[in-house]
Amino acid sequence: MAEFVEIRMTIGSHERAAELAHGILLAGLATSIDIAEAPGQAVLRDELAWQLTLITTDEQVPALERHVRTAGAEAPVDCRPVIHDFDGHPDWLTDDQQ
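All values reported here derive from a predicted model rather than from experimental measurement.

A. Region of interest: the environment of Asp78. By the secondary structure assignment, Asp78 is in strand 4 (residues 78-81). Between the C-alpha atom of Asp78 and that of Arg8, which follows or precedes it by 70 residues, the distance is 5.1 Å. When sequence neighbours within four positions are dropped, the list of residues in contact with Asp78 reads Glu6, Ile7 and Arg8. Polar contacts involving the side chain of Asp78 include one to the side chain of Arg80, which spans 2.9 Å.

B. Inspection of the sheet that holds strand 2 (residues 32-37) at higher detail. On the basis of which strands lie adjacent, the open sheet formed by four strands has the order 2-3-1-4 and antiparallel pairing. Since the sheet does not close on itself, it has two edges, and those belong to strand 2 and strand 4, each with one partner. In this sheet, adjacent strand axes meet at a mean angle of 20 degrees when their direction is disregarded. Here strand 1 (residues 4-11) runs beside strand 4; their pairing, made up of four bridges, is antiparallel. Bridge pairing in strand 4 places Arg8 opposite Asp78.

C. Structural detail: helix 2 (residues 61-70). Listing the buried residues of helix 2 in full gives Val61, Leu64 and Val68. On an axial view of helix 2, the arc spanned by its buried residues comes to 60 degrees, and they lie on one face. Within helix 2, the exposed residues directed more than 90 degrees away from the buried face are Arg66 and Thr70. Elements that come into contact with the buried residues of helix 2 comprise strand 1, helix 1 (14-26), strand 3 (50-57) and strand 4.

D. Representation of the pattern of salt bridges within the structure. Considering all chains together, one arrives at three salt bridges under this definition. Between Glu19 and Arg16 there is a salt bridge, with its nearest N and O atoms 3.3 Å apart. Placement of the pair is Glu19 and Arg16 together in helix 1, with a separation of three residues, close to one helical turn. Using a relative accessible area of 26% as the deciding quantity, one classes Arg16 as partly exposed. Among the salt bridges present, the one from Arg80 reaches Asp78, with a minimum N-O distance of 2.9 Å. The exposure class assigned to Asp78 is partly exposed, which follows from its relative accessible area of 31%.

E. Local environment of the packing of helix 1 against helix 2. In the contact formed by helix 1 and helix 2, the axes pass within 11 Å of each other and the chain directions differ by 140 degrees. Considering the angle they form, helix 1 stands oblique to helix 2. As helix 1 runs across helix 2, the sense of the crossing is right-handed. Listed contacts from helix 2 to Leu20, Gly23 and Ile24 of helix 1 are Leu64, His67 and Val68.

Definitions and cut-offs
Residues numbered from 1 in each chain as written. Predicted model: local features only at pLDDT ≥ 70, side-chain atom pairs only at ≥ 80, totals over all residues. Heavy atoms only, no water. Helix = DSSP H or I, 4+ residues; strand = E, 2+ residues; numbered from the N terminus. Contact = heavy atoms within 4.5 Å. Polar contact = N/O pair within 3.5 Å; in protein donor to acceptor, adjacent residues only side chain to side chain. Pairing = 2+ DSSP bridges. Axes fitted to C-alpha atoms, helices over the stretch in contact; angles between N-to-C directions. Buried < 20%, exposed > 50% of the residue type's maximum accessible area, 1.4 Å probe, protein only. Arc of directions from axis to C-beta. Salt bridge = Lys/Arg side-chain N within 4 Å of Asp/Glu carboxyl O. Parallel < 35°, antiparallel > 145°, perpendicular 65-115°, else oblique. Left-handed = near helix turned anticlockwise from the far one by under 90°.

Quick look at the structure:
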């Protein structure tokens, strides 16, 4: 069974973040991607930075990093394991229901 990881990286413009996300999805390197404003991480004084957060498998991480670098993104790629019990119920559902 594949282990899932969460990848985060900061990109300098919304358009560039959207292009990178689109390419990652087309290449089949992630199951989901979220693009959000990254306040406090502005690339230039008046420009906002954007954070990509995506879920992929351990096996896809090297190919994903190659894809990101080939696409010209130089930002650090932060990789963390996804720790979640997919078979259990969410805490918010079970806490008040028992």
